[in-house]
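Structural overview
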Amino acid sequence: MTLTTHDASAPAGAEGPRTGVDIVGLRKRFRAPDGTVVAAVDDVTLHLPKGDFCVLLGPSGCGKTTLLRCLAGLEHPDEGRITIDGVPVFGPGLRTVEPQDRPVGMVFQSYALWPNMTVADNVAFPLTTGPRRERMPKEQIRARVEEVLKIMGLSSHGSRAIGQLSGGQQQRVALARAIVAGTDVVLFDEPLSNIDAKVREILRRELRAMQQDLGFTAVYVTHDQAEAMELADQITVMRSGRVMQNGSARDIYERPRNRYVAEFIGTANLLPVTSDGGDARLVHTAVGPVRVAGPAPEGPAGAARVVASRAHRWWIDTAERPGENAWPGEVAAAVFAGSHTEYVVRIGETSVRVWAADDPELVPGRKVWVGVDPAACVVVLDHD
Ligand SMILES: Nc1ncnc2c1ncn2[C@@H]1O[C@H](COP(=O)(O)OP(=O)(O)OP(=O)(O)O)[C@@H](O)[C@H]1O
């Protein structure tokens, strides 16, 4: 990465082969104080394409930070291989490459800035320490620091002390420091979670624009699905150290692989499949047959499956509307959520959630018809 903006007119291949980050069979276990062993990263194989914004997403404890720290060299994996932009940094028979020698920048949740140094000195730090020390003359460092401070909107703050900045500004300094050395990969560990909601939104948009402009590969850890959806070219959903699904935000949202992914991202109705019958596109559930779309799900024959559909793809009507994927029901609850109202509707013993425009007639006890577009119904595995 250079600190000029990305030249979209450059001929294909002018930047060399597209590599990015390759992780193969990576494992990292920890021993807890009580002696139990935790598989924080459990046989992870993953390709993070060069120039993409890749998000590692999952609940607390799923291993996303440990995986990121393995990439940074801050954690020593037990097994596997890591290659960053064609450079093997960890693998069998390989001398482990130390964090400062890896071609990565890193931004932490806690900013990790030097409080006694000025903004400019913090940003210059990666250029004045480690192996680059001899290579860059002072004047060039000053010019480079000015360039990144400008990108981050901090041009007039170079001589300030860190303590004189707001949280959002401090994180901008940390971002500037991560990109100053021109590394092609920048690792982010929940960088916006200490920043208040409004500033977080702005920084998120700026970060995405800056990443696209400069063209670096971003690997970004978060537990916030909205943040993941907004930022990512590729989302990796993790659970208990393992990758549950890897794909674009749209893939993950519209074609979740299993119940876990469907429930972790967005609001889904999950109807257990009681039998497939003969037609892969018409499955049987407790509410009756459901017409579904999409490819047949992976997994062994006979594995438990559920039909997943998003709450906003359902409709609700006080008029009778019999037909395919339509059922009579009764409103059990209505919760006003601003942009929509969530109606909980009982269909026999089963409850579904329907997100629809607020309607004062739809009160608990009201008889209604609900239904869902078959194109919005996919069959997914009930378990991992
Ligand atoms: N140094 C350590 N010693 C022992 N166990 C650890 C250590 N670091 C992480 N773990 C355990 O490994 C698992 C994964 O932790 P990790 O911090 O990678 O998860 P995470 O998904 O990033 O969670 P969070 O969002 O809370 O940071 C957890 O069970 C955690 O308790």
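Here the structure is shown first, and the text comes after it.
What you see is a predicted model, and the numbers here were worked out from it, not measured in a lab. (Residues numbered from 1 in each chain as written. Predicted model: local features only at pLDDT ≥ 70, side-chain atom pairs only at ≥ 80, totals over all residues. Heavy atoms only, no water.)

A few points about the pattern of salt bridges
Counting across every chain of the model gives 24 salt bridges. Between Asp224 and Arg204 there is a salt bridge, with the nearest N and O atoms lying 4.0 Å from each other. Here Asp224, found in the loop between strand E8 (217-222) and helix H6 (225-231), pairs with Arg204, found in helix H5 (residues 197-214); they are 20 residues apart in sequence, far enough to count as distant. On the accessibility criterion, Arg204 (9% relative accessible area) is buried. (Salt bridge = Lys/Arg side-chain N within 4 Å of Asp/Glu carboxyl O. Helix = DSSP H or I, 4+ residues; strand = E, 2+ residues; numbered from the N terminus. Buried < 20%, exposed > 50% of the residue type's maximum accessible area, 1.4 Å probe, protein only.)

Some details on the nonpolar core
In a soluble, globular protein the nonpolar side chains are often hidden away together inside. Judged by nonpolar contacts, the single largest core of 49 residues is most densely connected at Phe188 and Val237. Looking at which element gives the most residues to this core, the answer is helix H4 (residues 167-180), with seven residues. Every residue in contact with Phe188, bar those within four places of it in the chain, is listed here: Leu68, Val107, Leu175, Leu207, Phe216, Ala218, Val219, Tyr220 and Val221. Counting 27 residues, the second largest nonpolar core, distinct from the first, contains Leu26, Leu46, Cys70 and Ala72. (Core = buried A, V, L, I, M, F, W, Y, C linked by side-chain atoms within 4.5 Å. Contact = heavy atoms within 4.5 Å.)

Brief notes about the packing of helix H2 (residues 119-128) against H4
Running from N to C, H2 and H4 point in directions that differ by 25°, and their axes come no closer than 7 Å. Classified by the interaxial angle, the pair formed by H2 and H4 is roughly parallel. Handedness of the crossing formed by H2 with H4: right-handed. Contacts between H2 and H4 pair Val119, Asn122, Val123, Pro126 and Leu127 from the former with Val173, Ala176, Arg177 and Val180 from the latter. Its residues placed into classes, the contact of H2 with H4 shows seven nonpolar, one polar and one charged. (Axes fitted to C-alpha atoms, helices over the stretch in contact; angles between N-to-C directions. Parallel < 35°, antiparallel > 145°, perpendicular 65-115°, else oblique. Left-handed = near helix turned anticlockwise from the far one by under 90°. Nonpolar A, V, L, I, M, F, W, Y, C, P; charged D, E, K, R; others polar.)

Regarding the packing of aromatic side chains
Scanning the model with the defined rule gives seven aromatic pairs in all. Residues Phe53 and Phe188 carry aromatic rings whose centres are separated by 6.4 Å and whose planes lie at 15° to one another, so their mutual orientation is stacked. With Phe53 in strand E3 (residues 53-57) and Phe188 in strand E7 (residues 185-189), this pair connects stretches of sequence that are 135 residues apart. The class for Phe188 is buried, based on a relative accessible area of 1%. Among the aromatic residues, those joined into a cluster by ring pairs are Phe53, Phe188, Phe216 and Tyr220. (Phe/Tyr/Trp six-rings, centres within 6.5 Å; stacked < 30°, edge-to-face > 60°.)

A few points about the site of the ligand
Every residue near the ligand is listed here: Phe30, Val38, Ala40, Pro59, Ser60, Gly61, Cys62, Gly63, Lys64, Thr65, Thr66 and Glu190. The side chain of Ser60 places a nitrogen or oxygen atom 2.5 Å from an oxygen atom of the ligand. In this structure, Cys62 approaches the ligand through a main-chain N or O atom, which is 3.0 Å from an oxygen atom. Going through the elements one at a time, strand E2 (37-48) and helix H1 (64-72) are the ones with two or more residues in the shell around the ligand. In terms of residue count, the dominant contributor to the shell around the ligand is H1 (three residues). Considering only residue class, the shell around the ligand consists of five nonpolar, five polar and two charged. (Near = heavy atom within 4 Å. Polar contact = N/O pair within 3.5 Å; in protein donor to acceptor, adjacent residues only side chain to side chain.)

Considerations on the pairing of strand E1 (residues 21-31)
Bridge count between E1 and strand E4 (residues 79-84): five bridges; the pairing is antiparallel. Bridge pairing in E4 links Arg27 to Glu79. When E1 meets E2, the two strands line up antiparallel, connected through nine bridges. Note on E2: the bridge partner recorded for Lys28 is Val41. Counted along the chain from E1 to the antiparallel partner E2, the turn is five residues long, and its residue Gly35 has a positive phi close to 95°. (Pairing = 2+ DSSP bridges.)

Topic: the sheet that holds strand E11 (residues 268-275)
Reading across the sheet, the five strands line up as E13-E12-E11-E14-E20 and stay open at both edges, with antiparallel pairing between neighbours. Each having just a single partner strand, strand E13 (288-291) and strand E20 (378-381) make up the two edges of the open sheet. In this sheet, neighbouring strand axes are inclined to one another by 50° on average, regardless of whether the strands run parallel or antiparallel.

Re unusual backbone geometry
Residue Asp85 is not a glycine yet carries a positive backbone phi of 45°. Mapped onto the fold, Asp85 is located in the loop between E4 and strand E5 (87-90). Of the residues examined, Asp85 reaches a relative accessible area of 19% and is grouped as buried. One non-glycine residue, Ser240, adopts positive backbone phi at about 45°. With respect to the element layout, Ser240 can be found in the loop between strand E9 (234-239) and strand E10 (242-247). Taking the relative accessible area as the measure of exposure, Ser240 reaches 48% and is therefore partly exposed.

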